[in-house]
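Each chain, letter by letter, is given below.
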Amino acid sequence: MRHFLKETDLTPAEIAGVFAAAARMKSGRGSEAAALARQSWGLLFFKKSTRTRVSFQVGVHELGGQPVMLNADDMQLSRGEAVGDTARVLSRYLHGMVVRCHEHALLEEFASSGSMPVVNALSDFLHPCQFLTDMFTLAERFAPGRPEQYASSLKGRKVAFLGDTSCNMANSFVLGGAALGVEVALAGPAGHEPGEAIRAQLRRDGLAGTFSFSTDPAAAVRGADMVYTDVWVSMGMESEKAERLRAMRPYQVDAGLMSLAKPSAYFMHCLPAHPGEEVSAEVLSGAQSIVFDQAENRLHVQKAVLAHLASAR
Ligand code: CP
Ligand code: NVA
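## Concerning the sheet that holds strand β4 (residues 118–120)
Thought 1: One open sheet holds the four strands; their spatial order is β2-β1-β3-β4, and the pairing between them is parallel. The open sheet has two free edges, formed respectively by β2 (66–71) and β4, since each of these has just one partner strand. Strand-to-strand twist across the sheet, computed as the mean angle between neighbouring axes with direction ignored, equals 20°.
Thought 2: Pairing geometry for strand β1 (residues 40–45) and strand β3 (residues 96–100), over five bridges, is parallel. Residue L43 lies in a different strand from β3, and its bridge partner there is V98.

This is the structure:
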C-alpha cells in the first residue's frame, strides 16, 4: 500500500517516472491507459478548493475511474464520527482517497486506519501535489521535449520563495527541494521562518541543512532561476490577517525584485493569488509568469501520481 502524503513518499526515481508519465498523459490526453478502470476514488475536502477539486475529479474520470466527491461538512465526520472509523468504512467501498484537511495528522490517521492509498490534496503542513506539479512545469522549460530528463534538469537550480515562509507551500519547497537537489532560498519576516516540524521531517528523511532562510528578499532572489510566492494568509490563518499583511509587505514580488533574479527566471504561484499583496499585478500577468501552466499541469501530474499509486498496490 503506497500513500502520497509528503514529497518524500515517492523516491526521486519514482518522481522521475511520474514526470515522464505526466508528459505522456499531457501530449496524449484522451488516449491514455485506463489506469483506474472500474475504480472509485473518494475526494474529501475540509477546505475550499478550485484547482485541486476539479483537476482530481476530471483526472480520475479520464483514467477510467469514478470520482466520489465528499464534502466533510456533509459527512458524519462533522458530527463527531471518528476519522479512523470513517477511513475503515470508506476502504470497503473505495479504491483510493484524496484528502484536503487542516491537521496533517488527520491524513496520517486516514492512511494508517484504512486499507487504500491516500493522497494529500493540501494540509496545513504540506501541499505535495502542487510542489510536484511546479517542478514538472519548470522542467518542461529546462528540458523541452525531453521528459526523461525533467527530474535531472532541476538539479542545482535556484528557487527563491518569498513571503509566508512557514506555510504549507514553503514547507513543501523545503522538503521537496532537498529531495530533488533544488537550492531553495526562502525570505520572509522573522517569526515566519520554517518551523520545527519541517526541520524534523528533513532530519527523518536524512535531508537536513539543505535550505536557506533570510529576512532579506533581495538576497534570496539574486541569481534565482524561479521566484515563487503564495498567499500571505493561508486557509485557517484568517485571524492573523492584519499582522501578516503588515509583516510580509516588504516581500511582495514586484518588477524590482524580479530584476534581481536571472533574466531567464520564471515567476510561479500556486494560486489563488491576491495581486497587490504577495505579488504585483504586473508580475503576476507579466511575461515571466507561468502560473496558468502550473494550474493546467495539476491535472496531468496528479493523473500520473494516481496511476502510479494504483499500480503499486
Ligand atoms: N493551488 C491550489 O491548490 O488551488 P485550490 O485551492 O483552488 O485547489
Ligand atoms: N497556502 C495556501 C495554499 C492554497 C492553495 C493555503 O493553504 O491556503
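After that view, the rundown keeps rolling.
## A word on the site of ligand 1
Thought 1: Within the structure, ligand 1 sits among S49, T50, R51, T52, R100, H127, Q130, C270, L271 and R298.
Thought 2: In this structure, R51 approaches ligand 1 through a side-chain N or O atom, which is 2.8 Å from an oxygen atom.
Thought 3: Take R298: an N or O atom from its side chain is 3.2 Å from an oxygen atom of ligand 1.
Thought 4: Within the complex, the protein chains bury 94% of what would otherwise be the 250 Å² of accessible surface of ligand 1.

## Looking at the pattern of salt bridges
Thought 1: Summed over the entire model, instances satisfying the criterion amount to 15 salt bridges.
Thought 2: Linking R141 and E140 is a salt bridge whose minimum nitrogen-to-oxygen distance equals 3.9 Å.
Thought 3: For E240, the salt bridge identified is with R244, shortest N-O distance 2.8 Å.
Thought 4: Look at E240 and you get partly exposed, because its relative accessible area is 33%.
Thought 5: Residue R244 is classed as buried on the basis of its relative accessible area of 3%.
Thought 6: Connected through shared salt-bridge partners, K26, E140, R141 and D293 make up one network.

## Thoughts on the packing of helix α2 (residues 51–62) against helix α13 (residues 291–311)
Thought 1: One can describe the packing of α2 onto α13 by two numbers: an axis separation of 9 Å at closest approach and a directional angle of 50°. In this view, α2 runs oblique relative to α13, as classed from their interaxial angle. Along this stretch, α2 crosses α13, giving a crossing that reads as right-handed. Residues R51, T52, S55, F56, V58, G59, V60 and E62 of α2 form the contact with α13, whose participating residues are A295, R298, L299, Q302, K303 and L306.

## Some points on the pairing of strand β5 (residues 158–162)
Thought 1: Counting buried positions along β5 gives five out of five residues, so the element sits mostly inside the fold.
Thought 2: Of the two faces of β5, both are covered, the one formed by K158, A160 and L162 as well as the one formed by V159 and F161.
Thought 3: Alignment of β5 against strand β6 (residues 183–187), held across five bridges, turns out to be parallel. Residue K158 lies in a different strand from β6, and its bridge partner there is E183.
Thought 4: Considered for its hand, the β-α-β crossover made up of β5, helix α7 (residues 168–180) and β6 is right-handed.
Thought 5: Two elements, β5 and strand β8 (residues 226–229), share four bridges in a ladder whose sense is parallel.

Calculation notes
- Residues numbered from 1 in each chain as written.
- Chains lettered and ligands numbered in written order.
- Predicted model: local features only at pLDDT ≥ 70, side-chain atom pairs only at ≥ 80, totals over all residues.
- Heavy atoms only, no water.
- Pairing = 2+ DSSP bridges.
- Helix = DSSP H or I, 4+ residues; strand = E, 2+ residues; numbered from the N terminus.
- Axes fitted to C-alpha atoms, helices over the stretch in contact; angles between N-to-C directions.
- Near = heavy atom within 4 Å.
- Polar contact = N/O pair within 3.5 Å; in protein donor to acceptor, adjacent residues only side chain to side chain.
- Areas by Shrake-Rupley, 256 points an atom, 1.4 Å probe, with all protein chains shown as cover.
- Salt bridge = Lys/Arg side-chain N within 4 Å of Asp/Glu carboxyl O.
- Buried < 20%, exposed > 50% of the residue type's maximum accessible area, 1.4 Å probe, protein only.
- Parallel < 35°, antiparallel > 145°, perpendicular 65-115°, else oblique.
- Left-handed = near helix turned anticlockwise from the far one by under 90°.
- Contact = heavy atoms within 4.5 Å.
- Right-handed = clockwise from strand over helix to strand, strands pointing away.

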